[in-house]
Amino acid sequence: MKLVIIIWISLFSVFSDAFAVSEQEKSLVQQIKYHDHLYWSKNKPEISDAEYDSLKRQLAELHPEHSLLRKVHSVLNSDAGKVYHERPMLSLQKAYSFSDIDKWAKKYVRSADETLLIQPKYDGSAVDYSNGILSTRGGGEFGVNISHLFPYITILSRIDNAKGIRGELIITGSEFDKLCENMKSAGLKPYANQRSAIAAVANTKVINHKLMKGVSLSLIEYSFDSLSVPFSSLEKQLKKYKSNIKKRNYPTDGIVVKLADSKYAESLGSTNHHPRSAIAFKFQNKSAETTLLDVVWKCGKTKLTPTAVFEKVSIGGVNITKASLHSANYIRKNDVHIGDKLLIERAGDAIPHIKSIKRGAKRKSALIRKCPDCRKAVVESGVNICCINEKCKGTIAARLISEAKLLKIKGLGPSTIKKIVESFDVENIIDLKNIEVGQIESLRGFGEKSSMKLYLNIQAYFTSAGI
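Along each chain, residue indices are assigned from 1 in the same order as the chain's sequence is written. pLDDT decides what is reported in this predicted model: residues at 70 or higher carry local features, side-chain atom pairs at 80 or more are listed and counted, and totals for whole chains, interfaces and linings draw on all residues regardless. Values reported for side chains reflect all heavy atoms of the structure, with hydrogen atoms and water molecules removed beforehand.

Moving on: unusual backbone geometry. Here the phi dihedral of Asn131 falls at roughly 55 degrees; this positive angle occurs in a residue that is not glycine. Put simply, DSSP H or I for four residues or longer makes a helix, DSSP E for two residues or longer makes a strand, and each gets a number counted from the N terminus. You can see Asn131 is positioned in the loop between β4 (125-130) and β5 (133-136). Remark: exposure states derive from per-residue accessible area (1.4 Å probe, protein chains only) relative to the maximum for the residue type, with buried under 20%, exposed over 50%, and partly exposed in between. For Asn131, a relative accessible area of 70% gives the class exposed.

So, on to the environment of Ile420. Here Ile420 lies in helix α10 (residues 414-423). Residues Ile420 and Leu432, spaced 12 residues apart in sequence, show a C-alpha to C-alpha distance of 8.7 Å. Contact between two residues is taken to exist if any of their heavy atoms lie within 4.5 Å; hydrogens are not considered. What Ile420 contacts, discounting residues up to four positions off in sequence, is Leu412, Val426, Leu432, Ile435 and Leu443.

A separate point is the nonpolar core. In terms of nonpolar packing, the biggest core is built from 27 residues, with Val295, Phe310, Leu325 and Ile354 touching the most fellow members. Among the secondary structure elements, those contributing two or more residues to this core are β13 (287-299), β14 (304-315), β15 (318-324), α8 (328-333) and β17 (341-347). Sequence-distant contacts of Leu325, defined by excluding residues within four places in its chain, comprise Val295, Pro306, Thr307, Ala308, Tyr330, Ile331, Val336 and Ile354. The nonpolar core is taken to be a set of buried Ala, Val, Leu, Ile, Met, Phe, Trp, Tyr and Cys residues, with the residues joined through side-chain atoms within 4.5 Å.

With that settled, consider the sheet that holds strand β11 (residues 252-259). Within a sheet, each strand pairs with its neighbour through backbone hydrogen bonds, oriented either parallel or antiparallel. Taken together, the 5 strands give an open sheet; going across it, the order is β2-β12-β11-β3-β10, and neighbouring strands pair in mixed fashion. Two strands bound the open sheet, and with one partner strand each, they are β2 (93-95) and β10 (227-230). On average, each strand axis in the sheet is inclined to that of its neighbour by 35 degrees, with strand direction left out of account. Between any two strands, pairing holds if DSSP finds at least two bridges. Note that strand β3 (residues 115-122) and β11 share 7 bridges and pair antiparallel. When the sheet's bridge partners are listed, Leu117 is paired in β11 with Lys258. Packed on one face of the sheet, helix α3 (residues 98-108) meets β2, β3, β11 and β12 (278-282) and runs near 175 degrees to β12. What counts as an axis is a line fitted to C-alpha atoms, over the stretch in contact for a helix, and the angles between N-to-C directions run from 0 to 180 degrees.

By secondary structure assignment, the location of His85 is in the loop between β1 (82-84) and β2. Take His85: its relative accessible area is 2%, and that puts it in the buried class. N or O atoms closer than or at 3.5 Å make up a polar contact, with two conditions inside protein: a donor-capable atom paired with an acceptor-capable one, and, for residues adjacent in sequence, both atoms drawn from side chains. Within the structure, the side chain of His85 is placed 3.5 Å from the backbone nitrogen of Gly143, a separation counted as a polar contact. Residues within four places of His85 in sequence aside, it is in contact with Asp128, Ser135, Thr136, Arg137, Gly140, Glu141, Phe142, Gly143 and Arg166.

What follows is about α10. Taken together, the buried positions of α10 are occupied by Thr416, Ile417, Ile420 and Val421. With its buried residues spanning 130 degrees around the axis, α10 presents them on a single face. Among the structural elements, α9 (393-407) and α12 (448-464) are those in contact with the buried residues of α10. Arc, as used here, means the arc of the directions from the helix axis to the C-beta atoms.

Turning to the pairing of β5, a few remarks are in order. Relative to β5, β4 is paired through 4 bridges, and the arrangement is antiparallel. For Ser130, the partnering residue across the bridge sits in β5 and is Ile133. The turn linking β4 back onto β5 is made up of 2 residues, and Asn131 within it adopts a positive phi angle of 55 degrees.

This is the structure in structure tokens:
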């Protein structure tokens, strides 16, 4: 009987461990896909490159052959003209310290005298120029034809009259400033940084010549500014090289290290994701320490989202006071309390992100028990805190804002929807049809003309939809 119990307990333990691994793997996959979508499709990363790579390393430990680990990403492009790459355009293995470089080198560097090439890792969009066609990297095998951008591109290459170039399409700091000025003059919000600008331009099928007036993009061949160094002095040269390239006008986010012997490098082959003969040494993002002053919760369609409000810090010349806390589970998992010390980082020099958290001397709970909008009790649902009050105006407004984006009714933006929901008995999109001109005019910020204009836009939509 004891033997049976022991066997049963052992089997239960095995299955429990397997289930736990399965759940952990599922969670990692969901997180990676979520952040892939934000980075590549929305250009709105929430976490740093280092933390993203940490998620992938965890997944690799659980499932080394998972397809997500082999996937090569690129900015989505709306142009349908596919271009086949005779040589696949792969990504690069990443390193965040010299010890990571050293681990890579021990596998492939044959001696201390092995010659390596170091070159800037440009922060733009990977492209290929072959047979007179410029294309994006795409998924690695097929890219998208962006030759229509040629009138705005200067090619920087060591090769005269090159038949083929692999490199990065970038916009320099000075050209980025010109583009932003053109956008301001057109009444548009400028891009957050150079990377988001080049991603947007490469993803545009029809060029807005007014916005691009006087603006020049650069296509930099990967070997354009490379330096040969022996492996024995690599660490010293990397520090010096990093200091030099950070002073340049070109946007860079790291240094590429690769074997100079092309025949030997080719013999090493590649994985489905990266060549074995090269590695990217990524720069760490700038950071600063501050104190968490408050946590503001906002109603979404199905959950409440927390935002950290902290003492102002300046990172890279930008003043920052807020950063996402993602979910209630993030707060619990990291034991976040008001009064704690936060290390804030600007991921990709754009999105503020909490890199680490230290306990403060005086701490106050960051979680809530009541909805910030309707003041009804909230409930825990999975990793989130949710308001289940069907009449909650915050939840209704969030849902309508999401739906209104699809309807594209001119003048019906998020702030207007919030005012309408807070002021009138509106619970769904159909209810907007019954809003009168006088009601709209009573809202703050609306006059007689603007009220009539919005009213007619709303009615025109429902008429065209046959509602």
